[in-house]
Amino acid sequence: KQEVTQIPAALSVPEGENLVLNCSFTDSAIYNLQWFRQDPGKGLTSLLLIQSSQREQTSGRLNASLDKSSGRSTLYIAASQPGDSATYLCAVPRGGGADGLTFGKGTHLIIQP
Amino acid sequence: GAVVSQHPSRVICKSGTSVKIECRSLDFQATTMFWYRQFPKKSLMLMATSNEGSKATYEQGVEKDKFLINHASLTLSTLTVTSAHPEDSSFYICSATDGRMNTEAFFGQGTRLTVV
C-alpha cells in the first residue's frame with residue numbers, strides 16, 4: 001500500500017528566504033507526482049505535475065524535483081513571499097491515474113512579512 | 001488548467017437530514033470523478049470513484065448507503081450525505097478527470113459540511 005510522507009509538517013520562515021519542502025513515497029512504481037497548494041478552508045490548486053520520466057518541473061518561483069528510484073520529491077520555493085503562506089500537499093496516483101490519488105498530510109507554510 | 005466547480009462551499013444542516021453536494025467540470029468531459037474527505041490536520045482520503053453512467057466504487061470503510069454518489073452526465077457528479085450526523089461534519093472535495101491515464105488532477109473548491 002502506497003504511503004506518502006511530507007516533512008516538515010510545519011515551517012515558518014521570514015519573507016525572502018528560499019525553502020525546500022520534502023515528500024517521500026513508499027512505492028516507487030508511480031506514473032507521476034503532483035504538488036498542490038491548499039489555502040485555509042479552500043480546495044486544491046495544482047502547482048506542478050512531474051511525470052515519472054522527468055527529473056524536474058518549474059513554474060515561476062517553484063521548482064519540483066523527482067527521484068523516483070529513491071521515492072522522493074522536493075518542492076523548492078525561491079524568494080518566498082507572504083502570499084505563499086498555505087498548506088502544500090504532494091500526491092501520487094493510486095494506479096495509472098484513473099484510481100484517484102494518495103496524499104501526504106501536507107506542510108503548513110507560514111511566510112513572515 | 002481545467003475548471004472544476006463544487007457547490008455549495010459551506011452548508012449547515014440538522015442531524016437526520018440529507019445534504020447534496022454538486023461537482024461540475026466546466027470545460028471538459030469528466031468520465032471519472034473522485035470524492036475525497038479531509039479531516040483537520042489529516043490527509044485527503046479517497047471515499048469513492050464514480051464513472052459516468054455506472055455505479056460508484058467505494059473505498060473500504062465508506063458506507064455506500066450513507067454517501068450516495070450519482071454521475072449521470074459527463075459534467076456532473078453529486079454526493080448526497082444521507083441522514084447526516086455530527087460525525088459526518090467534514091470537508092468534502094471532488095476531483096475530475098477526462099479518463100486519460102497519467103494526467104493532471106483538478107479539484108473543486110471543497111464543501112465544508114457542519115451537522116448540528
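Parameters at a glance
- Within any chain, residue numbers begin from 1 and follow the written order of that chain's sequence.
- Whichever chain is written first is A, and whichever ligand is written first is 1; the rest continue in order.
- For this predicted model, a pLDDT threshold of at least 70 governs which residues receive local features, and a threshold of 80 or more governs which side-chain atom pairs are given and counted, while totals over whole chains, interfaces and linings are taken from all residues.
- Side-chain figures throughout are based on the complete set of non-hydrogen atoms in the structure, without hydrogens or water.
- With a 1.4 Å probe rolled over the protein chains alone, any residue whose accessible area is under 20% of its type maximum counts as buried; one over 50% counts as exposed, and the rest are partly exposed.
- Helix numbering and strand numbering both begin at the N terminus, where a helix is a DSSP run of H or I of at least 4 residues and a strand a DSSP run of E of at least 2.
- Only strands joined by at least two bridges in the DSSP assignment are considered to pair.
- Whether two residues are in contact is decided by their heavy atoms, any of which lying within 4.5 Å being enough.
- The term buried area refers to how much accessible surface (probe radius 1.4 Å) is lost by two components on association, counted for both of them together.
- By convention in these notes, a salt bridge is any Lys or Arg side-chain nitrogen within 4 Å of a carboxyl oxygen on Asp or Glu.
- Each polar contact in these results corresponds to two N or O atoms within 3.5 Å; when the atoms are within protein, one needs to be able to donate a hydrogen and the other to accept it, and residues that are neighboring in sequence are counted only if both atoms are side-chain atoms.
- Gly is put with the polar residues, along with every residue not named as nonpolar or charged; the nonpolar set is Ala, Val, Leu, Ile, Met, Phe, Trp, Tyr, Cys and Pro, and the charged set is Asp, Glu, Lys and Arg.

1. Side note on the pairing of strand β8 (residues 76-81) of chain B
Residues and elements named next belong to chain B.
Here is step 1 of the chain: Most of β8 is tucked away: 5 of the 6 residues are buried.
Here is step 2 of the chain: Summarising the sheet, strand β3 (residues 19-25) and β8 pair through 6 bridges and their orientation is antiparallel. Residue pairing across strands places Lys20 opposite Thr80, the latter belonging to β8.
Here is step 3 of the chain: Relative to β8, strand β7 (residues 67-73) is paired through 5 bridges, and the arrangement is antiparallel. Note on β8: the bridge partner recorded for Leu68 is Thr80.
Here is step 4 of the chain: Between β7 and β8, which pair antiparallel in sequence order, lie 2 residues.

2. Thoughts on the interface of chain A and chain B
Here is step 1 of the chain: Taken together, the contacts link 23 residues of chain A with 20 residues of chain B.
Here is step 2 of the chain: Both sides of the chain A and chain B interface together cover about 1800 Å² of buried area, and 52% of this is carbon and sulfur.
Here is step 3 of the chain: At the surface where chain A touches chain B, the tally comes to 1 salt bridge.
Here is step 4 of the chain: For Glu59 of chain B, the salt bridge goes to Arg94 of chain A, with nearest N and O atoms at 2.8 Å.
Here is step 5 of the chain: Summed over the shared surface of chain A and chain B, the number is 8 residue pairs in polar contact (both at pLDDT 80 or more).
Here is step 6 of the chain: The residue inventory of the side of chain A that touches chain B, partitioned by class, reads 8 nonpolar, 11 polar and 4 charged.

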